[in-house]
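# What the coordinates show
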Amino acid sequence: MVTSMREDPRVTGRIVARVWVVALGAAFTSLALAVGLPDPALGQSRSGSSPEPTESQQTVLAVAAKKPKKMPQAKRAKIKQAKIKKAQEYESVSGGVEELVSTTDYDESGNARSRRNQPKSGSTAEESLEVDLARDVITKSRVTSTVQIDVGGQPQTIEDVSESDFAYDEVVFEDGTDYLLKTLEMKRNGTSVAKLDHAYDGNGRLERLIQNQADETGQPPAKRATTEFTYDSSDRPVMIVTFDNRAHDQNPTEDRVISRQRREYGSNGQVSRIENLIPDLSGMPPGADILVSYSEYTYDSNLNLLTRLTWQRMPGAAGPEDVLVSEERHAYDAAGNEFETTIVLPAPLPPGPPDPNGPPPSAYRAATSQKTTRTFDSVGNVLTELMIESDSNGTELSRRNRRIVYDRFD
């Protein structure tokens, strides 16, 4: 991709936008990960289940409701203007030969219309996008992937075609009309394999997300999981709960909670803490959730994300311990472009249960650091990117250079 796609908690309504972006070129199981959902295997029953949402009409009237400022609209991220029609990304790794790895074509409105990726020799991924300019939304994505494998000493090319179709509800607010993503359907080699259904409340906020997925036997997509969203008075999601809708030994009621995500906000209106919880099935009452990880965020005066620290609660010989597992730091220039990103990751813990005579989990903080620096053109498009990975002693382990060349319309 030409620009970075990291999650930004300032725009909390990007939950669904991230879902559909992931769907463009990945298996549907990653859709759950895109909203922070674990595999639907464990959970606790919910009571007082509300009825399933019925399919809404093509046009929805939100009477006397203002358009939610942070509501996901599933719109594409346009390239920053300067009449760019093509972006070519070149990459070299650890001093190796520079190679063209990605080409993206744009229309004069800044919409990506096609993209060709060459992640490694013998493999390609070609994507085409259809855009409804009047409604300002993507309507279809088609990705053709090819990879060369060795079969008995002979090269063989395998092709895979994925398609994503996007349908929208037209919603009339008191301050204008908008288009909310209603259905995302994904097909693989012509067969429907997954679908996301969206339901909204009277204020146009995403209320329920239903994940339908085909199993490995080739059956049509069936309901797999449901995610429900609760908001505060400022239209910010404060609780995201996901239920397992599959029947199996651990889920006889087809509505067990898989996870809860709790969000808190600071005085600047931005998310300050996100907690990820899972239910405990060992005889504890419903709602007794276990905190498994949490992240805390800080910002500058312009509300740019400065730091994100993530802790994971791990078992230790002396009891549970909160271990810092990821540290992100971001720096911006005067124009608001993120020119430096640093991510620090710990060494992995040894497998198996904690050693009662061993060190605590926090002792494995020996870390690797990934530092990325960027340069930009006059309107904020990335020109160069250098990523250096170092060990805990500062010794360089690898480096990757990216260079992006833009062609402009006359």
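Chains are numbered independently. Their residues run from 1 in the order of the written sequence. This being a predicted model, a pLDDT of at least 70 is required before a residue's local features are given, and a value of 80 or more before pairs of side-chain atoms are given or counted; all residues contribute to the totals for chains, interfaces and linings. With hydrogens and water set aside, each side-chain value is computed from the structure's full complement of heavy atoms.

## As for the nonpolar core
The biggest cluster of nonpolar side chains holds 27 residues, and the ones touching the most others in it are Ile138, Phe166, Tyr168, Phe229 and Tyr406. Buried Ala, Val, Leu, Ile, Met, Phe, Trp, Tyr and Cys residues form a nonpolar core when they are joined through side-chain atoms within 4.5 Å. The buried label goes to any residue with under 20% of its type's maximum accessible area, the exposed label to any with over 50%, and the partly exposed label to all in between, with areas taken from a 1.4 Å probe on protein chains only. Ranked by size, the runner-up nonpolar core spans seven residues in total, among them Tyr265, Val271, Tyr297 and Leu305.

## Description of unusual backbone geometry
Here the phi dihedral of Asp136 falls at roughly 65 degrees; this positive angle occurs in a residue that is not glycine. Positionally, Asp136 belongs in the loop between strand 5 (123-132) and strand 6 (137-151). Owing to a relative accessible area of 24%, Asp136 belongs among the partly exposed residues under this scheme. For Leu303, which is not glycine, the phi torsion reads 65 degrees and is therefore positive. Tracing the backbone shows Leu303 in the loop between strand 15 (289-299) and strand 16 (305-314). You can call Leu303 partly exposed: its relative accessible area is 30%. Only DSSP runs of H or I covering at least 4 residues are called helices, and only runs of E covering at least 2 are called strands; the numbering of each starts at the N terminus.

## A few points about the pairing of strand 12 (residues 237-244)
Taken across its eight residues, strand 12 has six buried, putting it largely inside the fold. Pairing between strands is defined by DSSP: at least two bridges between them are needed. Alignment of strand 11 (residues 222-231) against strand 12, held across seven bridges, turns out to be antiparallel. Within strand 12, the position partnered with Phe229 by the bridge is Ile240. From the end of strand 11 to the start of strand 12, which pair antiparallel, there are five residues, and Asp235 there has a positive phi angle of about 65 degrees. One ladder, built from six bridges, connects strand 12 with strand 13 (residues 256-265); its direction is antiparallel. Counted as the bridge partner of Thr242 is Ser259 from strand 13.

## Here we look at the confidence of the model for the protein chain
Scored between 0 and 100, pLDDT is the confidence that the predictor attaches to each residue. On average, residues of the protein chain carry a pLDDT of 79, and 76% of them reach 70 or more. Across the protein chain, the secondary-structure element scoring lowest on mean pLDDT is helix 1 (residues 15-23), at 34, and the one scoring highest is strand 20 (residues 382-390), at 96. Confidence drops under pLDDT 50 across residues 1-58; counting only partners more than four residues distant or on other chains, this segment forms 143 contacts. Note that residues 70-76 has pLDDT below 50 and, in this model, 32 contacts with residues that lie over four places away or in other chains. Any two residues whose heavy atoms approach within 4.5 Å at even a single point are treated as in contact.

## Observations concerning a nonpolar patch on the surface
Patches in this entry comprise residues that are over 30% relatively accessible and not in a salt bridge; like charges within 9 Å are linked, as are nonpolar side chains (Val, Leu, Ile, Met, Phe, Trp, Tyr) within 5 Å. To measure how exposed things are, a 1.4 Å probe is used in the Shrake-Rupley method; for residues, cover is taken only from the protein chains shown. Salt bridges are identified by distance alone: a Lys or Arg side-chain nitrogen within 4 Å of an Asp or Glu carboxyl oxygen. Taken together, the side chains of Val147, Ile149, Val151 and Ile158 make up a nonpolar region of the molecular surface, amounting to roughly 270 Å² of accessible area. Per-element tally for the nonpolar patch: the top contributor is strand 6, with three residues. When you line up the elements, Ile158 lands in strand 7 (residues 154-173). Of the residues examined, Ile158 reaches a relative accessible area of 37% and is grouped as partly exposed.

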